Amino acid sequence: MPNIVLANDHGAVELAARFADHLKKNGYTVNHLGVHSPDSVDYPDMANLACTEYKKGGYEFGILLCGTGIGISISANKIEGIRCALPQNSYAAAMARKHNNANFIAFGGRIDYSEDPVDMLQAFVDASFEGDRHQRRIDKMMALEHSC
Ligand code: RB5
C-alpha cells in the first residue's frame, strides 16, 4: 500500500485533513505528522519533520501545507534530496511529477485556488515521471545543492 507523509502548520489544518481523508479513501496509508489544531507552529519545523521522515524511506511522496505553501516549500527545498513543488493548478501539479520528479508537493490552506486542491493533488498522484531529458535536468538541478 503506497505511503504518503503529510505535515502542515496551523494555516492549513482543514485542507491537510481533507487531503488525508481523500488519500485514505483511495487506498493510501497516510502518516500525518500534524498539526491538527490552530495553535501556532513554525512551518520550517513541520517541513523538517516531514522531510526527515520521508528520507527514512518507504514513502511514495510527501505533502506539505502552510498558509500559502510558500514558506514550507522553501524550507523543504533547503533539505538535501528534496524537490518540493508548489503548483498553481492541476496542470502544474501533474508536470511537477512528469518533468521535475518532485518528491514533495506543497499547498496553501489560505489560498483561493481556481480549482479544488484535492483535484490538484490527484493530478500529481496520477502522473508519472517521464525520465529521459528530464532526468538530465534534474541531475543538474540537484547538483546545485553543492555548487556554492
Ligand atoms: C503562518 O502565519 C504563515 O506565515 C504560514 O502558514 C505560511 O503562509 C508561510 O509561508
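Refer to the preceding data block for the structure.
Residues numbered from 1 in each chain as written. Predicted model: local features only at pLDDT ≥ 70, side-chain atom pairs only at ≥ 80, totals over all residues. Heavy atoms only, no water.

A. Spotlight on the overall build of the chain. Counting secondary structure elements, the chain contains six helices and five strands. Secondary structure elements of the chain occur, N-terminal to C-terminal, as β-α-β-α-β-α-β-α-β-α-α. Its C-alpha atoms give the chain a radius of gyration of 14 Å, near enough to 15 Å, the size a compact globule of 148 residues would have. The principal-axis extents of the C-alpha atoms in the chain amount to approximately 40 × 30 × 30 Å. (Helix = DSSP H or I, 4+ residues; strand = E, 2+ residues; numbered from the N terminus. Rg over C-alpha atoms; globule rule 2.2 N^0.38 Å.)

B. Fine view of a nonpolar patch on the surface. A contiguous nonpolar patch, built from Ile70, Ile74 and Leu86 and spanning about 250 Å² of accessible area, is present on the exposed surface. Of note, Leu86 is situated in the loop between β4 (84-85) and α4 (90-98). (Patch = residues over 30% accessible without salt bridge, like charges linked within 9 Å, V, L, I, M, F, W, Y side chains within 5 Å. Areas by Shrake-Rupley, 256 points an atom, 1.4 Å probe, with all protein chains shown as cover. Salt bridge = Lys/Arg side-chain N within 4 Å of Asp/Glu carboxyl O.)

C. View of the site of the ligand. Near the ligand you find Asp9, His10, Tyr43, Cys66, Gly67, Thr68, Gly71 and Arg110, and these make up its full shell. For the ligand, an oxygen atom lies 2.7 Å from a polar atom in the backbone of Gly67. At 3.0 Å, a backbone N or O of Thr68 approaches an oxygen atom of the ligand. Split into classes, the residues belonging to the shell around the ligand amount to two nonpolar, four polar and two charged. (Near = heavy atom within 4 Å. Polar contact = N/O pair within 3.5 Å; in protein donor to acceptor, adjacent residues only side chain to side chain. Nonpolar A, V, L, I, M, F, W, Y, C, P; charged D, E, K, R; others polar.)

D. Examining unusual backbone geometry more closely. Residues Gly34 and Val35 are joined by a peptide bond in cis, for which omega reads 5°. Even without a glycine there, the phi angle at Asn101 is positive, about 45°. Along the chain, the position of Asn101 falls in the loop between α4 and β5 (104-108). What makes Asn101 partly exposed here is its relative accessible area of 25%. Even without a glycine there, the phi angle at Asp132 is positive, about 55°. Looking at the element boundaries, Asp132 is found in the loop between α5 (117-126) and α6 (133-143). A relative accessible area of 63% means that Asp132 is categorised as exposed. (Buried < 20%, exposed > 50% of the residue type's maximum accessible area, 1.4 Å probe, protein only.)

E. Structural detail: the side chain of Ser73. Locating Ser73 in the fold gives a position in helix α3 (residues 70-77). When its relative accessible area of 5% is taken as the criterion, Ser73 is described as buried. A distance of 2.7 Å separates a polar atom in the side chain of Ser73 from the backbone oxygen of Gly69. In contact with Ser73, other than residues within four places in its own chain, are Cys84, Leu86 and Ala106. (Contact = heavy atoms within 4.5 Å.)

F. Fine view of the packing of helix α1 (residues 13-25) against α5. Viewed as axis vectors pointing N to C, α1 and α5 meet at an angle of 45°, and their least axial separation amounts to 10 Å. Judged on the interaxial angle alone, α5 and α1 are oblique. Seen from above, α1 lies across α5 with right-handed handedness. Of the residues in α5, those touching α1 at Leu15, Arg18, Phe19, His22 and Leu23 are Pro117, Val118, Leu121, Gln122 and Val125. (Axes fitted to C-alpha atoms, helices over the stretch in contact; angles between N-to-C directions. Parallel < 35°, antiparallel > 145°, perpendicular 65-115°, else oblique. Left-handed = near helix turned anticlockwise from the far one by under 90°.)

G. The pairing of strand β3 (residues 61-66), seen in detail. Of all the six residues making up β3, six are buried; the element is thus mostly covered by neighbouring parts of the structure. Judged by which residues are buried, β3 turns out to be covered on both faces: Phe61, Ile63 and Leu65 on one side and Gly62, Leu64 and Cys66 on the other are all buried. Of the pairings in the sheet, the one linking strand β1 (residues 3-8) to β3 comprises five bridges and is parallel in character. Following the sheet pairing, Val5 is matched in β3 by Gly62. (Pairing = 2+ DSSP bridges.)

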